[in-house]
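Here is how the chains run, residue by residue.
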Amino acid sequence: RCAAGTTVVIDCEWEDFMTAKEQKSFAQQLMYCYSTNRSAPKPVRLVYTGVTEGSLTRERLRKMSGFDTWPLEVMPATYIEAFPKERLLYLPPDA
């Protein structure tokens, strides 16, 4: 449904710099992004990058009901490795 439209990439590489409370909140925000996108009239292609095996982010996502069947992409690669640099617009957290 959203493969031909806009791609939104969420960079998940920063967990080492987050407190436990921030990590938990981040996982909840990722779930909210997914659920909002899923119910959107024109959903985007949603990609989470930098989610490596054994990371806290991946473990928290796996604990969420049905995560393995969510229609989104989860990549261990960084966003800069996964997408052409000239096609990226990076928004910092305070944007």
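Since the structure is predicted, the reported quantities are computational estimates derived from the model, not experimental observations.

The rules we used
- Residues numbered from 1 in each chain as written.
- Predicted model: local features only at pLDDT ≥ 70, side-chain atom pairs only at ≥ 80, totals over all residues.
- Heavy atoms only, no water.
- Helix = DSSP H or I, 4+ residues; strand = E, 2+ residues; numbered from the N terminus.
- Rg over C-alpha atoms; globule rule 2.2 N^0.38 Å.
- Buried < 20%, exposed > 50% of the residue type's maximum accessible area, 1.4 Å probe, protein only.
- Contact = heavy atoms within 4.5 Å.
- Areas by Shrake-Rupley, 256 points an atom, 1.4 Å probe, with all protein chains shown as cover.
- Pairing = 2+ DSSP bridges.
- Axes fitted to C-alpha atoms, helices over the stretch in contact; angles between N-to-C directions.
- Right-handed = clockwise from strand over helix to strand, strands pointing away.
- Core = buried A, V, L, I, M, F, W, Y, C linked by side-chain atoms within 4.5 Å.

Chemist: Break down the overall build of the protein chain for me, with residues and values.
Modeler: For the protein chain, the helix and strand inventory stands at 3 helices and 3 strands. Since a compact globule built from 95 residues should have a radius of gyration of about 12 Å, the 13 Å found for the protein chain is in line with a globular shape. When the backbone C-alpha atoms are referred to their principal axes, the protein chain occupies close to 35 × 30 × 25 Å. Per-residue burial over the protein chain gives 33% buried out of 95 residues. Considering only intrachain contacts with a sequence separation of at least 6, the fraction spanning at least 24 residues in the protein chain is 70%. Total accessible area computed for the protein chain in this model is approximately 6800 Å², and 56% of it derives from carbon and sulfur atoms.

Chemist: How would you explain the sheet that holds strand 1 (residues 7-11) if you had to name every residue and give the values?
Modeler: Taken in spatial order, the 3 strands make up an open sheet running 1-2-3, and their pairing is parallel. The two strands at the open ends of the sheet, each matched to only one other strand, are strand 1 and strand 3 (73-75). Strand-to-strand, the axes of this sheet are offset by a mean angle of 20°, without reference to chain direction. Where strand 1 lies against strand 2 (residues 45-49), 5 bridges are found, and the strand directions are parallel. The residue bridging aspartate 11 from the neighbouring strand is threonine 49, located in strand 2. Strands in contact with helix 1 (residues 20-39) are strand 1 and strand 2; relative to strand 2, the strand with the most contacts, it is inclined by about 165°.

Chemist: Would you mind going over the pairing of strand 2 in detail, with residue names and values included?
Modeler: Burial of strand 2 is extensive: 4 of the 5 residues sit out of reach of the surface. For the crossover that starts at strand 1, traverses helix 1 and ends in the parallel strand 2, the hand is right-handed. Across 3 bridges, strand 2 lies against strand 3 in parallel orientation. For tyrosine 48, the partnering residue across the bridge sits in strand 3 and is valine 74. With helix 2 (residues 56-62) bridging strand 2 and its parallel neighbour strand 3, the resulting β-α-β unit is right-handed.

Chemist: I'd like to hear about the side chain of threonine 78, residue by residue, with values.
Modeler: Structurally, threonine 78 can be placed in the loop between strand 3 and helix 3 (79-82). Leaving out residues up to four positions away in the same chain, threonine 78 has contacts with Glu13 and Thr49.

Chemist: Tell me what's going on with the nonpolar core, and back it up with residues and numbers.
Modeler: Formed by 14 residues in total, the largest nonpolar core has its most connected members in Ile10, Cys12, Leu30, Tyr48, Leu61 and Trp70. Contributions of two or more residues to this core are made by helix 1 and strand 2. Looking at which element gives the most residues to this core, the answer is helix 1, with 4 residues. Once residues within four sequence positions are removed from consideration, tyrosine 48 is found in contact with Ile10, Cys12, Leu30, Met31, Cys33, Tyr34, Leu61, Leu72, Glu73, Val74 and Met75.

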